[in-house]
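# Coordinate analysis (summary)
One letter stands for each residue in the lines below.
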Amino acid sequence: MMTARLSAQIGLVLLLCVCIEAEYMSYKDPKQPLDVRIEDLIRRMTLEEKIGQMTMIDRKVASADIVKDYFIGALLSGGGSVPAPKASAETWINMVNEFQIGALSTRLGIPLFYGIDAVHGHNTVYNATVFPHNVGLGVTRDPELVKKIGAATALEVRATGIPYTFAPCIAVCRDPRWGRCFESYSEDHEIVRAMTEIIPGLQGDLPPDYPSDFPYVGGRTKVAACAKHFVGDGGTTDGINESNTIIDWDGLLSIHMPAYLDSIRKGIVISDSQGIDKITTPPHDNYTYSVEASINAGIDMVSENVYHIISLCGYALKDIFLVPENFMELIDTLALLVKKNVISMTRIDDAVERILRVKFIMGLFENSMADFTLVNQLGSQEHRELAREAVRRSLVLLKNGENGDVPLIPLPKKAKKILVAGSHANDIGTTILAAVKNAIDPQTEVVHHENPGKEFMNSNGFSYAIVAVGELPYSETVGDSMNLTIARPGYDTITNVCQAIKSVVIIISGRPVVIQPYLPLIDALVAAWLPGTEGQGVADVLFGDYGFTGKLARTWFRTVDQLPMNVGDPHYDPLFPFGFGLTTTPRDMKESQ
């Protein structure tokens, strides 16, 4: 429930608003045309208020007083930045509202907006539905499915009082050594383009007569979306994060640009963190120059990590500077540059106009405070069923017995004893281990051993085994890898188990990994990517309740020496080619035939 302190603060804000309303303010009148409201508000603003609107900081360094004193226009939760461990939806709402009270208590009462990385569901928030990551969704090649996922994600984000998400990533990953390849739908730009349909899922479908050059958010069940990060981000040399993409102009336009052009018609684009600092070498070496160059180049809002937020439709948040912890340096530097006429007031007004337009369109001036109306949407059963479907359809069956052998999949639910092994068998959410136990016949014994040795394997009389292995968690530069191997002791587990009994190996990874040397040992091989919380979807297809349908949206290499290698390349010689994927028939259909 809303705290007594928060209720008192809201009452104070309402009282202040009543007093201020003695003077008619066009920007507060929803009956006025949008351009009139924006123009009226900008002409009332001081330089300090304008710069505040251009600044986004992390909640870790924010308070209602800081928001009020510096006219902060936007806040975010960076990676892992939460109000409390296992915070409920109500706790998130109260936190966001407390910050909002600070914003509404300023002279002009301009609401702030709050952003978060909800990149495969509302993944920062406890008990949220976590959908398969983009690397798996690309396998489905189904824009309508990702649109539904976008709509479900929007509801869960709004359930916590947040109106803005830094998603989707529309990079075209051309080298799996890149640590962000899991955020890319495919190496093929046409699949990535198709998957931008997640944006109207997040934001809502454009009304028929809506202006084509404005962003759109369709009410309080939708969120503003951001296409990210920057054209060419998935094509860096050797897959090194934030490195150089060496490509000719035609290649840039034909491979990396199409999804951005589509997204510009649907949403908001955001680039990656600490971009302003990295204009110079070493980073932050000449911050004054970096701010000057960025603002004059068209960046509108700066956030703590300096996400250069760029707007699609020529509007929105390219004018916001993401400077989470060192925001005072930005504010002081930018003010000095304006006062010295290095950056013109016209340029500042241009930035603020776009920021305010988005806030008006999002309905923040009329509905600034979040409520508890949607809290039951967080982790709802309907969303979990959708995620389970997405898991089923994102899996790729790479091997199912040798040529001429009887296929191992679908696995029998009735067996004397089965083994579930591997470092990734008992992870978060509905784990693969739990999913197997839920799916099999009650009389079947399930034994779990993370890394069984040869003696254990030879003395237990298992009917078959399921081995789940893969990569350790990573993101961004930490995930850059020149060897693309799975985590230890994954290969030992594969060897010990698969040499002893019939086995299915499930790879949990954000990209193709080295598997060729072990393929002869493996009876059945499944690429499960990063499936999220609904692991029951894995068991659905393993045991034949549903069939495998997924087709690779990435090329699976033989050795890392071949990289980069993408479909259409002259040296194309993959272990599993782009578009490969074995299919199976659901058990009930087989029995009826």
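Numbering of residues starts from 1 in every chain and runs along the sequence as written. Residue-level local features of this predicted model are given only where pLDDT is at least 70; pairs of side-chain atoms are given and counted only at 80 or more, and the full residue set underlies all totals for whole chains, interfaces and linings. The basis for every side-chain value is the complete set of non-hydrogen atoms in the structure, without hydrogens or water.

Secondary structure counts use DSSP, requiring at least four H or I residues in a row for a helix and at least two E residues in a row for a strand, with both numbered from the N terminus. Along its length, the chain carries 20 helices and 15 strands. C-alpha atoms of the chain, sized along the principal axes, occupy 85 × 55 × 45 Å. Under the scheme applied here, a residue whose accessible area is under 20% of the maximum for its type counts as buried, over 50% as exposed, and between as partly exposed, the area being computed with a 1.4 Å probe on protein chains only. For the chain, the residues scored as buried account for 61% of the 593 residues in total. The long-range share in the chain, meaning contacts at least 24 apart out of those at least 6 apart in sequence, stands at 74%. The contact criterion used is simple: two residues touch if any of their non-hydrogen atoms lie within 4.5 Å.

Right, let's get into the UniProt feature "domain: Glycoside hydrolase family 3 N-terminal" (unreviewed entry) in the chain. UniProt positions are given in the numbering used here, feature names are shortened, and annotations may be inferred rather than shown by experiment. Those places that UniProt annotates as "domain: Glycoside hydrolase family 3 N-terminal" (unreviewed entry) correspond, in this numbering, to residues 46-264. This span, residues 46-264, is 37% helix and 8% strand, and a straight line between its end C-alpha atoms measures 31 Å.

Take the environment of Gly 179 next. Structurally, Gly 179 can be placed in the loop between strand E4 (164-165) and helix H8 (189-195). Separated by 285 residues in the primary sequence, Gly 179 and Tyr 464 place their C-alpha atoms 34 Å from one another. Once residues within four sequence positions are removed from consideration, Gly 179 is found in contact with Gly 239, Tyr 474, Ser 475, Glu 476, Gly 479, Asp 480 and Arg 511.

Relative to the assigned elements, Arg 158 resides in helix H7 (residues 143-158). We treat Lys and Arg as the positive residues and Asp and Glu as the negative residues; His and chain ends play no part in the count. The rule for a salt bridge is simple: a side-chain nitrogen of Lys or Arg has to be within 4 Å of a carboxyl oxygen of Asp or Glu. Although Arg 158 lies buried, it forms no salt bridge, and the closest oppositely charged side chain, Asp 371, sits 8.8 Å away as judged by the N-O distance. A polar contact of 3.4 Å, which involves the side chain of Arg 158, links it to the backbone oxygen of Arg 220. Any pair of nitrogen or oxygen atoms within 3.5 Å is treated as a polar contact; in protein, a donor-acceptor pairing is required on top of that, and neighbouring residues in sequence qualify only through side-chain atoms on both sides.

Attention shifts here to helix H15 (residues 381-394). Here the expected length of a helix is defined as 1.5 Å per residue gap, with one fewer gap than residues. With 14 residues, H15 should reach 20 Å at 1.5 Å per residue; the first-to-last C-alpha distance of 20 Å fits that figure. Looking at H15, one finds that the buried residues are His 383, Arg 384, Leu 386, Ala 387, Ala 390, Val 391, Arg 392 and Ser 394. On its buried face, H15 is in contact with helix H6 (134-140), H7, strand E10 (396-400), strand E15 (524-529) and helix H19 (536-542).

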